[in-house]
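Each chain, letter by letter, is given below.
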Amino acid sequence: MSSSDPPKKAMRSQGSSGSTSSQNTQASTGGGGGGGQGVKFARRTSSGRYVTVSREDLDMSGDYSGDYMNYTVHIPPTPDNQPMENNSSVATKAEEQYVSNSLFTGGFNSVTRAHLMDKMTDSEASQQDKDARRRAGFCQMPVCDGKAMVDDRGNPMYPCECRFRICNDCFIDAQKGNGVCPGCKEPYRLGDYDDEPNFSGGALPLPAPNKENGDRRMTSQKKTGDFDHNKWLFNETQGTYGHGTAYWPPEDSSDRDSGGGMGNGMIDGMDKPFKPLSRIVPIPSGIISPYRLLIVVRLVFLCLFLVWRVQHPNEDAVWLWLISIVCEIWFAFSWLLDIIPKICPINRSTDLDALREKFELPSPSNPTGRSDLPGIDLFVSTAAPEKEPPLVTANTILSILSVDYPVEKIACYVSDDGGALLTFEAMAEAASFAELWVPFCKKHDIEPRNPETYFCLKGDPTKNKLKPDFVKDRRKVKREYEEFKVRINGLPDSIRRRSDAFNAREEMKMIKQMRDNGAERPEPIRVQKATWMADGTHWPGTWVVPSSDHARGDHAGILQVMLKPPPPDAVMGSPDGKLVDYEDTDVRLPMFVYMSREKRPGYDHNKKAGAMNALVRTSAILSNGPFMLNLDCDHYFYNCKAVREGMCFMLDRGGEDICYIQFPQRFEGIDPSDRYANRNNVFFDGNMRALDGLQGPVYVGTGTMFRRFALYGFDPPNPDKTIIKDSETQALKPTDFDPDLDVNLLPKRFGNSTMLAESIPIAEYQGRPLADHAAVKYGRPPGVLRVPREPLDSTIVSEAVSVISCWYEDKTEWGDRVGWIYGSVTEDVVTGYRMHNRGWRSVYCITKRDAFRGSAPINLTDRLHQVLRWATGSVEIFFSRNNAFLASRRLMLLQRLAYINVGIYPFTSIFLIMYCFLPALSLFSGQFIVQNVTITFLVYLLIMTICLILLAILEVKWSGIELEEWWRNEQFWLISGTSSHLAAVVQGLLKVIAGIEISFTLTSKSSAEDEDDVFAELYLVKWSSLMLPPIVIAMVNIIAVCYAFAKTLAHARVPEPGPDLGFGNRLQRAMPIFLGRVSMLLLYLFCNRTGQVSVSCSHTRARACPSPARPGSGIWDLGFGNRLRRAMHIFLGRVLKWEDVEVGELKEGEIRVRNKAVGLNFIDVYYRKGDYKPPTLPFIPGMEAAGEVVAVGPGLTGRQVGDVVAYAGNPMGSYAEEQILPGSKVVPVPSSIDPVIAASIMLKGLTAHCLVRRSFKVEAGHTVLVHAAAGGVGSLLCQWANALGATVIGTVSTKEKAIQAREDGCHHVILYSEEDFVARVNEITAGQGVEVVYDSVGKDTFQYGLTWSDITKCGQNCLKNAGSLDCLKLRGCLVIFGMSSGSPDPIPLSALAVKSLSLTRPSLMHYTAIREELLEAAGELFENVAKGVLKVRVNHKYPLSQAAEAHSALESRLTTGSIVLIPDGSM
């Protein structure tokens, strides 16, 4: 309408939207002809209604004031305002019908063909669906076939509450007539509808104009004619269509006559506070903290025991000892790989209400609540109907089609790798029955949605059901399902009879043709035994009688769209003449596609992985859902909301780097006792939950939701580097996500399908989280996924057929980098590993109601073969480039350990079998793995058993499994470890060495329906060679036990008094061995993949001088007598006795001292453990003491009897009541110093003096870092440095020690168990560093988790992780005076050159070798003690005879301050 024409009020009618100029011309002339846009005029009455008037009426009235004010009407090209339907729409409908009723085949050396056929899914239900869809789009008036009114987004509009569909013209006619709705015969009300805004072209309720805005015109139109009507309408009308485009409503206007219906109470997404879709629920600290502590305790004892075992061989049976120690070391390593990744288990929860609110609730930008959720493609794979019953697969398909997710967003694909007509027709039957089953599930909220499981549920089916027709509907549907099962079960016979009939007809045709040609008939005439479809054509897949091009490994690719994509809006059912009333239920069904990839001889089809990749490509062409979920044919949806649960993680903030969601596998039909651990809950609820706290669980084959983009082999997105653009048609190029990918090389990676390459960036874009909040840095705008899906056409389907050809993957990266990875029978684990190795993470989703359920073999033979397949895949992984030892740095350390364990665990079977034979070998030989069964050995067996039991209890607590399940898992691990795992190692080695390929047969899926037959297979004995090793082990051990008893009884004699205990020497010797072997065998079951790995800690007791014993061994008497002397070993074979010794005669320059107190230091532990080599064996430890001089040797002056002296350093031997010392090594003790104080401070005090005054002279203004600040030397260092005016930073392990460190003068205390001390020191010093670091810890603090080989590779950039060195400033000094955590690795000198650092390892002996230096240092030390500068804490005193207990307390770090040993006579 031009501005010169008299403006009138107008109402738009159904018609075409031409150009702006045509609209203006038509408006100015009062209407247009042909296909132009007609404009009708209306008058607004005082009641708010509009009365249609003609142009002539307006011209005749001549009244352009009041009700007829100036305004402009612009009619945007919305879906209800489109050009007249032409032949193209008819062609589109024909194309859709062609696609959904054709079977597409093709492949190698053949073009794609479409076989038009009467599809078996055309049923009464499908006809109802078609009728409903027609009613959904067209006017319901009997004589009208016009399109029903829709809004500008294509959503249906209902002018009346009865939801009677009517076109615009009929609606205006009804208003002009009697104003009554043709459907309900009630007058029209132009107000709000309950859930739909009531606005249409014929009834736009407009507010009464006022003087302020009466002349306001639309000025937003672009000069080019490209006008964004949606944007303008929202801007000009404040987010509602209720006002039209002419007037700007007042801010405070209530607009009572408006038909907008949206109101201002509806908040758009960006205005809402951010609400997360998922959260992490930590394990209670009361469970996980003791669990971690027990792991550490067991690990410590494990290491101690192994050291002890290595140094204490059984010299009488070295071969037996060697076997046992090798096995034990391997078991320890295996246990570490299994237990360490379990230290960080977590739980997760989801918020489904928040998901619905964010993606599906109506909003100003989404007035009808159309779903903004991304699409998902669900895959089901099956291979052989003989092993996997079609009824089981059909039930899985039915559970998928009825899942609680927007119907238009779902696409279901079934891959029939066997190409069997039986499976095809079963799927067709399932698609037909789905038209009854799916609406039934939605109407009555059925759970589970597998009909077989649902109808077999025990209990009251009416529980929580509210609709009165439920019982009637259930009875009808159940009857239909029983008939459906009968049809499925009769399919094999039906196909056979049909094929026989068609083959007989072909044979008769051939005979008739030969007779007509006059040819002689050879005897007999036989035609090819083909398999025929119901439409009388050959089945293009596998025939019952295989032939060329129709065998299991040689057939064409097949693709059938059994259910075409549904319309975007709900289609309500109708009760008219139908079995079940679905009047208020959406009867749409998701798209369902049958696929059988092409197979030809000479091509490697890569088993299940190849089938999954074919599904990925096919789905990318047909639906391209950004997410995919794969299920085995016997795994069905037990929780219809499982997809939503997974989406809560994928679409949450930060979810863009999640590659897959792994759901736990749950199984049905397993015996209640689960004797073969078929449920595998220890793995699914324990190991997988623990991995979820790291980089995520491993992929285990089924029940996994994938991000399509991650499967394509791309790295996870980096929001800081990826350019985010607004449109999926802009920056959506593969090179944006993989800079190394050349666009020209796309065919090399993904194949030559252009459609597939174009779908990749779209899938990535649509899979992003919703950018509805500023906190979401990497997302997509809201609303972009509300656009309806494009219909399928023959071009798209033909492309989908081409990508399942057997040659498509040639010279591409499918199976190598893209999709499921080939080369292993456990392609699932390898595929998940590859994604983790690229930096993706995964999530473990445990739902309150099991997400999926399936079947598992319950027979022992089938179970062992199942484990054999998994273990063989692990061996293949170990010998491939997928070994986690070769992983990239993107794989977390603990995640790497978990994947290493995946590849290594089958090799444990070798050592396990060797260890299982040890009891028998011991009984036959009469020897044991240790020299004697000692109390120490038995005590540590008990300790390890208790630790393991407590670990099991705590693991049961945090994982939620039952203790019986844990025990069954351990039992079956022993069975499978001695059978399947060993066979897997042999098969893997044969493949690696000899190139022998490994093949497995499918495990049959149970289909027993009789309740009595549920556990029939459990007791079925089926022989397998896998049972041979366990049987041999059991028989050999039984024979050994019988042999031991017989041998012992044969040599028994009459009881004698004394230590013989009434048995005789032979029996007395055999019984401990026998009991030890039995205890080891029983205890092994508790060792959780570690075998007999028990740890013992030995005690050192000495009275004075050593008593010589056999080299490498020794005993403490301890009051037990000779029979138990060997029971209490010490580490590394250094054995001492607590006994009287001759002190000896004094020599020149020597004195004899009676010790009053003996200091205990960590260096004593080093000598006892063998870390420092003693001068001789045996020896007396001890490095410091204080006592009274009782004798003076010749030639010595300055010392006399009665003097109180102290000494530190060499010679060792202070663990004695009296000792002889060189006179030059002792220093006088002032009378003000107690001997106990002197003994406790001599070595530590002189060491502290050496460190702060000699090695590095601390001065005022310096900043020093002291590790182990609460220790003996550390405490003195802090006090001394503080007194010298330095700023002291100390590191401690506990809060209690932190308090002590502050009391000792530490200005800053760091708990290194909770903080990164390197970062903290740099923070305290403002990045400058400290002048000196005093380090007594050694490896842990020196390297700080980084080896120096890594430092040499990456130079200065890695030095920030180097620990103590990084704390130093330029020209700083690192003083190492202890190695409580072990010796650091060697370092290159170039590492020190980075900051011109200095590194020193001082020894006190070198700084006190000169008598004058010793006296000077001691004098300064005692002076500071007397003045109170140094406070000495003697917090622990032990009798000298109980030195072992003191050592244990010191090693376990349970002490603070100093420990002093008091000779027994001085207590």
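Residues numbered from 1 in each chain as written. Predicted model: local features only at pLDDT ≥ 70, side-chain atom pairs only at ≥ 80, totals over all residues. Heavy atoms only, no water.

Draft legend 1. Highlighting the pairing of strand S23 (residues 1204-1208). Most of S23 sits out of view: four of its five residues are buried. As paired strands, strand S22 (residues 1184-1192) and S23 are joined by five bridges and run antiparallel to one another. Among the inter-strand pairings, Glu1188 is bridged to a residue of S23, identified as Val1204. As paired strands, S23 and strand S25 (residues 1226-1228) are joined by three bridges and run antiparallel to one another. Residue pairing across strands places Tyr1207 opposite Val1226, the latter belonging to S25. (Buried < 20%, exposed > 50% of the residue type's maximum accessible area, 1.4 Å probe, protein only. Helix = DSSP H or I, 4+ residues; strand = E, 2+ residues; numbered from the N terminus. Pairing = 2+ DSSP bridges.)

Draft legend 2. Highlighting the sheet that holds strand S26 (residues 1263-1267). Read across the open sheet, the six strands follow the order S28-S27-S26-S29-S30-S31; overall the sheet is parallel. Across the chains shown, the open sheet's two edge strands, defined by having one partner strand only, are strand S28 (1308-1311) and strand S31 (1398-1400). Each neighbouring strand pair of the sheet contributes to a mean axis angle of 15°, computed without reference to strand direction. The pairing of strand S27 (residues 1287-1292) with S28 spans four bridges and is parallel. Paired with Val1292 across the two strands is Leu1311, which belongs to S28. (Axes fitted to C-alpha atoms, helices over the stretch in contact; angles between N-to-C directions.)

Draft legend 3. Region of interest: unusual backbone geometry. For the bond from Glu447 to Pro448, the omega torsion is -5°, close enough to zero to count as cis. With respect to the secondary-structure elements, Pro448 resides in the loop between helix H11 (421-444) and helix H12 (451-455). For Lys607, which is not glycine, the phi torsion reads 50° and is therefore positive. Topologically, Lys607 is positioned in helix H14 (residues 607-622). Taking the relative accessible area as the measure of exposure, Lys607 reaches 54% and is therefore exposed. The phi angle at Ala1268 is positive, at roughly 55°, despite the residue not being glycine.

Draft legend 4. Spatial organisation of a negative patch on the surface. A surface patch of like charges, here negative, comprises Asp576, Asp581, Glu583 and Asp584. Relative to the assigned elements, Asp584 resides in the loop between strand S12 (557-563) and strand S13 (591-596). (Patch = residues over 30% accessible without salt bridge, like charges linked within 9 Å, V, L, I, M, F, W, Y side chains within 5 Å. Areas by Shrake-Rupley, 256 points an atom, 1.4 Å probe, with all protein chains shown as cover. Salt bridge = Lys/Arg side-chain N within 4 Å of Asp/Glu carboxyl O. Lys, Arg positive; Asp, Glu negative; His and termini not counted. Charge placed at Lys NZ, Arg CZ, Asp CG, Glu CD.)

Draft legend 5. Representation of the side chain of Asn395. Structurally, Asn395 is set in helix H10 (residues 390-401). Exposure remark for Asn395: the relative accessible area of 4% places this residue in the buried category. Here Asn395 is in contact with Asn450, Pro451, Glu452 and Tyr481, once residues within four sequence places are set aside. (Contact = heavy atoms within 4.5 Å.)

Draft legend 6. Examining helix H13 (residues 470-517) more closely. Taking 1.5 Å of rise per residue, the 48 residues of H13 would be expected to cover 70 Å, and the 66 Å separating its terminal C-alpha atoms lies within 8% of that figure. The axis of H13 is deflected most strongly, by about 45°, at Leu491, and proline Pro492 appears within four residues downstream. Positive phi appears at Gly518, one or two residues downstream of H13, with a value of about 75°. (Expected span 1.5 Å × (residues − 1). Bend = angle between axes of the 7 residues up to and from the residue.)

Draft legend 7. Summary view of the pattern of salt bridges. Here the structure, examined in full by the defined rule, presents 56 salt bridges. With a closest N to O distance of 3.2 Å, Arg588 and Glu408 form a salt bridge. A residue pair is termed long-range when its members are at least 10 positions apart, and Arg588 in the loop between S12 and S13 and Glu408 in the loop between H10 and strand S9 (410-416) qualify at 180 residues. Relative accessible area serves as the criterion here: at 5%, Arg588 is assigned to the buried category. Relative accessible area serves as the criterion here: at 15%, Glu408 is assigned to the buried category. In this structure, Arg1433 and Glu1303 form a salt bridge, with 3.5 Å as the shortest nitrogen-oxygen distance. Highlighted residues: Arg1433 in the loop between helix H39 (1411-1427) and strand S32 (1434-1439) and Glu1303 in helix H34 (residues 1295-1303), separated in sequence by 130 residues.

Draft legend 8. Region of interest: the packing of helix H27 (residues 963-977) against helix H28 (residues 980-994). For the pair H27 and H28, interaxial distance at closest approach is 5 Å and the crossing angle is 40°. Contacts between H27 and H28 involve Trp973, Ser976 and Gly977 from the former and Ser980, His981 and Leu982 from the latter.

Draft legend 9. Fine view of the sheet that holds strand S20 (residues 852-855). Pairing within the open sheet is mixed, and its three strands lie in the order S15-S20-S17. Among the strands making up the open sheet, the edge pair consists of strand S15 (636-637) and strand S17 (667-668). Two elements, S15 and S20, share two bridges in a ladder whose sense is antiparallel. Of the residues in S20, the one forming a bridge with Tyr636 is Arg853.

Draft legend 10. Representation of a nonpolar patch on the surface within the structure. On the surface, Phe924, Trp1023, Leu1028, Ile1031, Val1032, Met1035, Ile1038, Ile1039 and Tyr1043 cluster together to form a nonpolar patch covering roughly 860 Å² of accessible area. If you tally residues by element for the nonpolar patch, the top one is helix H29 (residues 1028-1050), at seven residues. Relative to the elements of secondary structure, Leu1028 occurs in helix H29.

Draft legend 11. The packing of aromatic side chains, seen in detail. All told, the structure shown has 40 aromatic pairs when counted by the stated rule. Between Phe433 and Trp437 the ring centres are 6.4 Å apart and the planes differ by 15°, which places this aromatic pair in the stacked class. With Phe433 and Trp437 both in helix H11 and four residues apart, the pair spans about one turn of that helix. Measuring from centroid to centroid gives 5.9 Å for Phe714 and Phe750, while their planes differ by 25°, and the two rings are stacked. Residue Phe714 is located in the loop between helix H17 (708-711) and helix H18 (734-737), and its partner Phe750 is located in helix H19 (residues 746-750); the two are separated by 36 residues in the primary sequence. Taken individually, Phe714 and Phe750 each receive the classification buried, so the pair is uniform in this respect. What links up through ring pairs into an aromatic cluster is the set Phe433, Trp437, Phe440, Tyr454, Phe455, Phe470, Tyr481 and Phe484. Positioned over the ring face of Phe470 is Lys465, at 5.8 Å from the centre of the ring. The ring of Phe714 carries Arg749 above its face, with NZ or CZ at 5.7 Å from the centroid. (Phe/Tyr/Trp six-rings, centres within 6.5 Å; stacked < 30°, edge-to-face > 60°. Lys NZ or Arg CZ within 6 Å of the ring centre and 35° of its normal.)

The values reported here are purely geometric and, on their own, carry no functional implication.
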